[in-house]
Amino acid sequence: MLLLDAASLYYRAFHGVPQSLRAPDGTPVNAVRGFLDAVAFLVAEHRPARLVACWDEDWRPAFRVAALPSYKAHRVGPGGGEDSPAALEPQVPVIAEVLGALGVARAGCAGFEADDVIATLTARAVAAQGVAVDVVTGDRDLFQLVDDAAGVRVLYVGKGVRRAEVVDQAWLAARYGVRDGAGYADLAVLRGDPSDGLPGVTGIGEKTAAALLERYGDLAGVRAAAADPGSAVPAVQRCRLVEASAYLDAAPVVVRVAREAPVPVVPDALPPAAADPGALERLAQRWGLGSSVERVLRALGAGRG
């Protein structure tokens with residue numbers, strides 16, 4: 001099963017593909033073209049039996065903001081929505097339409113982010129047993145899903161789709177010094193993430209967080225040790241961890257993905273051909289997507305695992 005973090009992919013396409021790629025009427029379609037080319041490559045390369053494009057229905061869910069008001073606050077635009085590039089916004093509905101005409105499943109959930117959709121679909125696949133899951137994203141937050149025993153990996157596209165890194169537990173251990181996906185989530189809480197408005201614990205960087213987790217097991221263990229005057233936690237670190245108690249109470253709600261979101265069940269079998277060839281042809285002509293659409297169709301025809 002291949003789960004696509006759609007927003008991550010189309011944002012990267014928008015910034016990585018020249019805006020000189022335009023529809024016949026001059027509208028930019030660089031994000032659409034780049035997204036479709038990424039799908040074609042991923043399907044051809046990984047030959048999944050199941051494929052879902054996971055959608056952000058709510059980029060800043062209320063339950064996360066209630067826990068930590070700073071969450072993504074710096075990304076809020078003048079109108080209250082996400083401050084995203086003006087040339088990207090009209091391309092997102094086109095991507096959705098093309099996916100629909102192709103017959104590629106798309107899943108979202110009101111009040112939840114794509115991360116939560118991915119986590120929920122992953123949990124369902126694992127519960128079904130025997131279903132391996134690859135999550136395609138440029139978002140490190142999803143490293144928390146990595147689970148070798150369950151067959152869950154992340155294909156991290158931080159360096160591009162064609163140079164994706166396969167993130168498993170050995171990779172996490174080598175790169176971050178944590179044992180598994182749950183350990184990465186705890187590390188992220190302690191370290192913080194300015195890009196998401198998470199301040200972290202003052203003075204606790206990535207290496208220090210990893211060392212604390214290695215010694216005390218998990219976030220709860222680290223906090224218990226910090227509260228224990230007889231523990232080996234250095235005094236300065238103990239003080240900072242205790243001072244950050246309110247943050248450490250709230251941050252896990254923000255960092256940890258929801259694995260039981262009410263995501264609707266969608267038919268997710270990889271389509272062997274376009275579901276609506278006529279609509280796909282009209283979209284390809286309207287937006288000048290011919291070559292990208294053809295690449296996806298070729299990959300679908302040859303890509304069933």
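See the structure above.
Note that the structure is predicted; figures quoted are calculated from it, not measured. (Residues numbered from 1 in each chain as written. Predicted model: local features only at pLDDT ≥ 70, side-chain atom pairs only at ≥ 80, totals over all residues. Heavy atoms only, no water.)

Student: Help me get a handle on unusual backbone geometry, residues and values and all.
Tutor: Of note in the backbone geometry, Arg47 takes a positive phi value of approximately 45° without being a glycine. Tracing the chain through its elements places Arg47 in the loop between helix H2 (30–46) and strand E2 (51–54). One non-glycine residue, Lys72, lies in the positive phi region at around 55°. (Helix = DSSP H or I, 4+ residues; strand = E, 2+ residues; numbered from the N terminus.)

Student: Would you mind going over helix H9 (residues 219–226) in detail, with residue names and values included?
Tutor: Quick reminder: α-helices carry 3.6 residues per turn. Residues three or four places apart thus point the same way. Listing the buried residues of H9 in full gives Leu219, Gly221, Val222, Ala225 and Ala226. In a view along the axis of H9, the buried residues occupy a sector of 160°, so they form one face of it. The secondary structure elements touched by the buried residues of H9 are helix H7 (181–191), helix H8 (206–216), helix H10 (235–243) and helix H11 (245–255). Residue Asp218 occupies the N-cap position of H9, its side-chain oxygen lying 3.3 Å from the main-chain nitrogen of Ala220. (Buried < 20%, exposed > 50% of the residue type's maximum accessible area, 1.4 Å probe, protein only. Arc of directions from axis to C-beta. Contact = heavy atoms within 4.5 Å. Polar contact = N/O pair within 3.5 Å; in protein donor to acceptor, adjacent residues only side chain to side chain.)

Student: Account for the layout of surface pockets, with residues named and values stated.
Tutor: The calculated volume of the largest pocket comes to roughly 930 Å³. Along its surface, the largest pocket is lined by 42 residues, and Ala7, Asp56, Lys72, Arg75 and Glu82 are the ones closest to its centre. Those elements that place two or more of their residues in the lining of the largest pocket are helix H1 (6–16), helix H4 (91–102), helix H5 (114–128), H7 and H11. If you tally residues by element for the lining of the largest pocket, the top one is H1, at 6 residues. For the lining of the largest pocket, the residue count by class is 17 nonpolar, 6 polar and 19 charged. If you add up the space inside the second largest pocket, you get close to 390 Å³. As for the second largest pocket, its lining consists of 20 residues, and the residues nearest its centre are Gly34, Asp37, Ala38, Val161 and Arg162. Secondary-structure elements contributing two or more residues to the lining of the second largest pocket are H1, H2 and helix H13 (290–302). Per element, the largest residue contribution to the lining of the second largest pocket is 6 residues, and it comes from H2. (1 Å grid on protein atoms, 1.4 Å probe; cavity = no way out; pocket = protein on both sides within 12 Å on 5 of 7 lines; lining within 4 Å. Points joined across faces, edges and corners; volume = space filled by probe spheres on them. Nonpolar A, V, L, I, M, F, W, Y, C, P; charged D, E, K, R; others polar.)

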